[in-house]
Amino acid sequence: TRRRALGGAIPRRRTDRRAFGATAVPDATLAALVAAARAEGTGLHLVRPEQVPTLAVATAQAAIVERKDPAYRLALAEWTGRPPGSGDGVPASTAVRPAPRRVPVRDFAPGGPAGLEVGEGDDQGAAYAVLYGPDDTVSAWLRAGEALSAVLLTAVAAGLAAAPMSDVLEVDEPRQVVRGLLPAGEPYLVLRFGVPVGRDATPPTPRRRPDTVIRFT
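Note that the coordinates shown come from a computational prediction; the quantities given were computed from them, not determined experimentally. (Residues numbered from 1 in each chain as written. Predicted model: local features only at pLDDT ≥ 70, side-chain atom pairs only at ≥ 80, totals over all residues. Heavy atoms only, no water.)

(A) Looking closely at the environment of Ser149. Within the secondary structure, Ser149 sits in helix α5 (residues 138-157). You can call Ser149 partly exposed: its relative accessible area is 37%. For Ser149 and Glu40, which are 109 residues apart along the polypeptide, the C-alpha to C-alpha distance reads 9.8 Å. (Helix = DSSP H or I, 4+ residues; strand = E, 2+ residues; numbered from the N terminus. Buried < 20%, exposed > 50% of the residue type's maximum accessible area, 1.4 Å probe, protein only.)

In structure tokens:
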């Protein structure tokens, strides 16, 4: 069943910031990703080929703004330098070394060693999508989180690699640009999907225990 397939994908679900291959994501798989989001009450806009350059420019602009912000640099250093046992963060072992990309990818190790090479891919076959919904309310974000989980697991079950790209939405002007790519609504997260190059899995990142983030009332 679908739920069993998604459940089986959980241990294999990892963010892959390396470049994906030139093989295009099949249309049927993209449709399945859209359906997975829709089933959770959230939209998934597939970025059209003519929209990708706009997304790339907006992402690059967001990166420039954030790199100039001391508060951002401090937060990034704290998030990538978490102490052992913290259960969160992005270790340098999962960061990818800077390289030209079809759409820029956040540098999680600026000025420091990144654990992964960008790889032999060129992202030419990558598909970009925007998770979106009608508004910016708490309930809408809850639905977006549920939809994100379903979409990412659907991608893994289909043999795809995936990586969230939140940086372009963290700066107001690039966020407005991404909003303009949508048919309507508010953007929650940009996602990159693709066929991985090679079979080596990315290193795992820390995960918080469920009881530290979930409360039942």
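(B) Local environment of the environment of Ser139. Structurally, Ser139 can be placed in helix α5. Note on Ser139: relative accessible area 41%, which makes it partly exposed. Within polar-contact distance, the side chain of Ser139 engages the side chain of Thr137 at 3.3 Å. (Polar contact = N/O pair within 3.5 Å; in protein donor to acceptor, adjacent residues only side chain to side chain.)

(C) Geometry of the nonpolar core. In this structure, Leu33, Leu44, Leu131, Val151, Leu191 and Phe193 are the most contacted members of the largest nonpolar core, which totals 23 residues. Residue contributions to this core peak at seven residues, all from α5. Apart from residues lying up to four places away in sequence, Phe193 is in contact with Phe20, Val25, Leu33, Ala126, Ala127, Ala129, Val151, Leu152, Ala155, Leu160, Ala161 and Ala162. Judged by nonpolar contacts, the second largest core, of 19 residues, contains Phe20, Tyr128, Val130 and Leu169. (Core = buried A, V, L, I, M, F, W, Y, C linked by side-chain atoms within 4.5 Å. Contact = heavy atoms within 4.5 Å.)

(D) Spotlight on the packing of helix α3 (residues 52-67) against helix α6 (residues 172-181). With their axes 9 Å apart at the nearest point, α3 and α6 run at an angle of 165° to one another. As far as their axial angle goes, α6 and α3 are roughly antiparallel. Seen from above, α3 lies across α6 with left-handed handedness. For the pair α3 and α6, contact is made by Thr54, Leu55, Ala58, Gln61 and Ala62 and by Glu173, Pro174, Val177, Val178 and Leu181, respectively. Classifying every residue of the contact of α3 with α6 gives seven nonpolar, two polar and one charged. (Axes fitted to C-alpha atoms, helices over the stretch in contact; angles between N-to-C directions. Parallel < 35°, antiparallel > 145°, perpendicular 65-115°, else oblique. Left-handed = near helix turned anticlockwise from the far one by under 90°. Nonpolar A, V, L, I, M, F, W, Y, C, P; charged D, E, K, R; others polar.)

(E) Structural context of the sheet that holds strand β1 (residues 43-46). The strand order across the open sheet built from four strands is β1-β2-β4-β3, with neighbouring strands paired in antiparallel fashion. Each edge of the sheet is formed by a strand with only one pairing partner; in this case those strands are β1 and β3 (161-165). The average angle at which neighbouring strand axes cross in this sheet is 30°, direction not considered. Pairing analysis gives five bridges linking β3 to strand β4 (residues 186-194), with the strands arranged antiparallel. In the sheet register, Ala161 faces β4, and the bridge partner there is Gly194. Strands β1, β2 (127-133) and β4 of the sheet are contacted by helix α2 (residues 27-39), whose axis makes an angle of about 155° with β1. (Pairing = 2+ DSSP bridges.)

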